[in-house]
Amino acid sequence: ALSSAVGEMREIRREIEAELEDGGRGEAVRDGVRVAILGPPNAGKSSLLNLLARRDAAIVSPIEGTTRDVVTVSLQLGGMPVVLSDTAGLRSDSEDPIERLGMVRSADEAAKAHVQLWVFDASTPVP
């Protein structure tokens, strides 16, 4: 009985070591690849999220600063679980404290993401 328990513990140890060595890939496959949609205000981030979600998950408006909280949607893309996060538009000239808090949350979401998807409006010149 003791040798059987020791053998089981060795197998569990090997499994734990393999899980730790995979760099988080197993977790991403199981829980979903985290994708943060980032970019300046009104670049189309919320529209992209809604398109991929196939529903109106985020408010879309021509008014800059509409998205202030992170809007998250879980879905399957190509059979893979994905967690998409629409974030507040990033700009340096906002005096609005609530919009600035949204930008801090955007940065936090970007840091947690496996993938950062940057969206820009091709009709708007880059400063």
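Scroll up a little and you will see the structure.
Below: a short report on this structure.

Rules of the game
Residues numbered from 1 in each chain as written. Predicted model: local features only at pLDDT ≥ 70, side-chain atom pairs only at ≥ 80, totals over all residues. Heavy atoms only, no water. Buried < 20%, exposed > 50% of the residue type's maximum accessible area, 1.4 Å probe, protein only. Helix = DSSP H or I, 4+ residues; strand = E, 2+ residues; numbered from the N terminus. Pairing = 2+ DSSP bridges. Core = buried A, V, L, I, M, F, W, Y, C linked by side-chain atoms within 4.5 Å. Contact = heavy atoms within 4.5 Å. Axes fitted to C-alpha atoms, helices over the stretch in contact; angles between N-to-C directions.

**Notes on the pairing of strand 3 (residues 80–86)**
At step 1: Most of strand 3 sits out of view: 6 of its 7 residues are buried.
At step 2: Summarising the sheet, strand 1 (residues 33–38) and strand 3 pair through 5 bridges and their orientation is parallel. If you follow Arg34 over to strand 3, its bridge partner there is Val83.
At step 3: Pairing of strand 2 (residues 71–77) with strand 3 involves 7 bridges; the strand directions are antiparallel. The partner of Leu75 across the bridge, within strand 3, is Val82.
At step 4: Once strand 2 ends, the chain turns through 2 residues before running back antiparallel as strand 3, passing Gly78 with a positive phi of about 60 degrees.

**Topic: the nonpolar core**
At step 1: Core analysis: the biggest nonpolar cluster contains 13 residues, and Val35, Ile37, Leu49, Val73, Leu75, Val82 and Leu84 have the highest contact counts within it.
At step 2: Listed by contribution, the elements that provide at least two residues to this core are strand 1, helix 3 (45–53), strand 2 and strand 3.
At step 3: By residue number, the principal contributor to this core is strand 1, which donates 3 residues.
At step 4: Excluding its chain neighbours within four sequence positions, the residues that come into contact with Leu84 are Val35, Ile37, Leu49, Leu52, Val71, Thr72, Val73 and Leu75.

**Considering the sheet that holds strand 1**
Picture the strands of a sheet paired through backbone hydrogen bonds; they go either parallel or antiparallel.
At step 1: Strand order in the open sheet formed by 4 strands is 2-3-1-4, with mixed pairing between adjacent strands. Looking along the sheet, the strands with just one partner apiece sit at the ends: strand 2 and strand 4 (115–118). Averaged over all pairs of adjacent strands, the angle between strand axes in this sheet comes to 25 degrees, irrespective of strand direction.
At step 2: Two elements, strand 1 and strand 4, share 4 bridges in a ladder whose sense is parallel. Looking at strand 4, one finds that Leu38 is bridged to Trp118.
At step 3: Along the sheet, helix 4 (residues 97–112) makes contact with strand 1, strand 3 and strand 4, crossing strand 1 at roughly 145 degrees.

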